[in-house]
Each structure stands twice: as C-alpha cells, then as structure tokens.
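As a plain string of letters, each chain reads:
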Amino acid sequence: MLLPILTNGQGDMQTFTSLQEALKAPEKVVRLDLSNQEIDFSLETLQQFKNMEYLSLRNDKLVNIPPEIFELNQLKVLDLSGNEFTELPPELSRLTQLEELYLNDEQKLNLTQSIDVISQLPNLRSLHLENDHISTFPENIFKLDKLEYLYLNENELMEIPQGVMKMNQLKLIDLQSNPIPPPIKNEFKQEGNTIVRFW
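Residues numbered from 1 in each chain as written. Predicted model: local features only at pLDDT ≥ 70, side-chain atom pairs only at ≥ 80, totals over all residues. Heavy atoms only, no water.

Novice: Can you tell me about the overall build of the protein, naming the residues and giving the values?
Specialist: The helix and strand tally for the protein stands at 4 helices and 10 strands. Scaling as 2.2 N^0.38, a compact globule of 199 residues should have a C-alpha radius of gyration of about 16 Å, and the protein matches this with 18 Å. Along the longest, intermediate and shortest principal axes, the C-alpha atoms of the protein span 55 × 30 × 30 Å. Residue burial in the protein is summarised as follows: out of 199 residues, 48% are buried. Taking as baseline every contact in the protein between residues at least 6 positions apart, the subset at least 24 positions apart corresponds to 33%. Accessible surface for the protein amounts to roughly 10700 Å². Of this, 45% is attributable to carbon and sulfur atoms. Charged side chains of the protein number 17 positive and 31 negative; the gap between the two group centres comes to 5 Å. (Helix = DSSP H or I, 4+ residues; strand = E, 2+ residues; numbered from the N terminus. Rg over C-alpha atoms; globule rule 2.2 N^0.38 Å. Buried < 20%, exposed > 50% of the residue type's maximum accessible area, 1.4 Å probe, protein only. Contact = heavy atoms within 4.5 Å. Areas by Shrake-Rupley, 256 points an atom, 1.4 Å probe, with all protein chains shown as cover. Lys, Arg positive; Asp, Glu negative; His and termini not counted. Charge placed at Lys NZ, Arg CZ, Asp CG, Glu CD.)

Take a look at the structure:
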C-alpha cells in the first residue's frame, strides 16, 4: 500500500500519492502521482483539482484514458506510461496547457493515430516514447512541428528518422539504446540546432 502523503517534487512542491488524501484539500494539489494503482475516476472527483499541473497514471492498467482527465485545464505534465490502451482519444487536444507527455512502455499504441492527436496539443514541447518497440517512424511525425524535445530511448530504430530532422523547433532527439549501426552514428552530421544524442 502506498503511503498517502507526500514526497518532495519540484522545489517545495508536494506530490500527493493517494487520491483519498488529495481530496482532503483539492485546491492545494498541484502534483498528483497515482502510479501503480487502479483508480476509479469520476468527473466530480477530478473537477475539484482546479490547480493540478502534474498527473501520473503510470502502470495503472488503463485500457482507455479516463475522459475526466480532459477537464484538467491547468495540466502541464501527463504521464500515461505502461498502460494498455491502443489509441489516444481526440479529446486529449482539450489539454491546451499540456507541455510534456509521457507515453513510455506503450507497446500496443497506434503511433500514427497518436501523432495525429498529439499534434493538436498547442503547447506540447516534450514527448517521451521510450521503450515502445518502435522500429520505424510514421511519416506524419513532421506534424509535431512545435516539439522541442523528443525521447526515443530504448526502441528498435535502425536509422535516424528523417522526418524528425525537418521539425524546425526540435532542440533534442534522444536515440540512446537503439540498434543504430555505428557507421550511421559516426557519419551523422549535425544539422541546424537539433542535438541528436546516441550515447
């Protein structure tokens, strides 16, 4: 059983790890980590967290993303890693303040469909697709034209996704722990302002 309270998050910001405890003072909740739990959501419950900026539902055995999440207007960071859903609902685009999205360990995820949805998030700057068994990248990756940080660690990529290099705002693409052959890494020439991390 998880301890109900609080670990230090960013600075002196508290991270609640129990929904029951967080509901005692919902207006104070900025960070809520419900990882490795099976949560029964309701709209009435989540609407109380008007100031929440960080939510983790990592490894919660979710087959569908609870639609109540899309009412969290202040949410900036969302971690949906390690769940069972195959697609992202279009309603995700209602999270207009979202800046960072974690979709690690999502081996069933339809990446082409997901990128179409993710591209509708106007303020998304950082996307994590680590350990998703990605071997080829969909052609629509260029739609993520506002993205600044793309994490593709621990996948099955054999080459640098060409569409990624056309993303003008991209500052970093992390390709660590992919089976990209050494000659490709060694011959890669840095272009523009994008840092490509192999090691």
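Novice: Let's hear about the confidence of the model for the protein: which residues, and what values?
Specialist: The predicted model of the protein averages 88 in pLDDT, with 93% of residues at 70 or higher. Throughout residues 1–11 the model reports pLDDT below 50, and contacts reaching past four residues in sequence, or to other chains, amount to 19 contacts. (pLDDT = per-residue confidence, 0-100.)

Novice: Any chance you could break down the pattern of salt bridges for me, citing the residues and the numbers?
Specialist: One side chain can pair with another of opposite charge once the charged atoms of both are near each other. All told, the structure shown has 10 salt bridges when counted by the stated rule. We note a salt bridge from K143 to D116, for which the minimum N-O separation is 2.8 Å. Within this pair, whereas K143 is found in the loop between β7 (126–128) and β8 (149–151), its partner D116 is found in helix α3 (residues 111–118), the two being separated by 27 residues in sequence. A salt bridge links R125 to E148, with the nearest nitrogen and oxygen atoms 3.7 Å apart. Within this pair, whereas R125 is found in the loop between α3 and β7, its partner E148 is found in the loop between β7 and β8, the two being separated by 23 residues in sequence. Judged by its relative accessible area of 19%, E148 is buried. (Salt bridge = Lys/Arg side-chain N within 4 Å of Asp/Glu carboxyl O.)

Novice: Lay out unusual backbone geometry with the relevant residues and their values.
Specialist: The phi dihedral of N59 falls on the positive side, at around 55°, and the residue is not glycine. Within the secondary structure, N59 is located in the loop between β4 (54–56) and β5 (77–79). Using a relative accessible area of 34% as the deciding quantity, one classes N59 as partly exposed. Positioned with a positive phi, H133 is a non-glycine residue whose angle comes to about 60°. Positionally, H133 belongs in the loop between β7 and β8.

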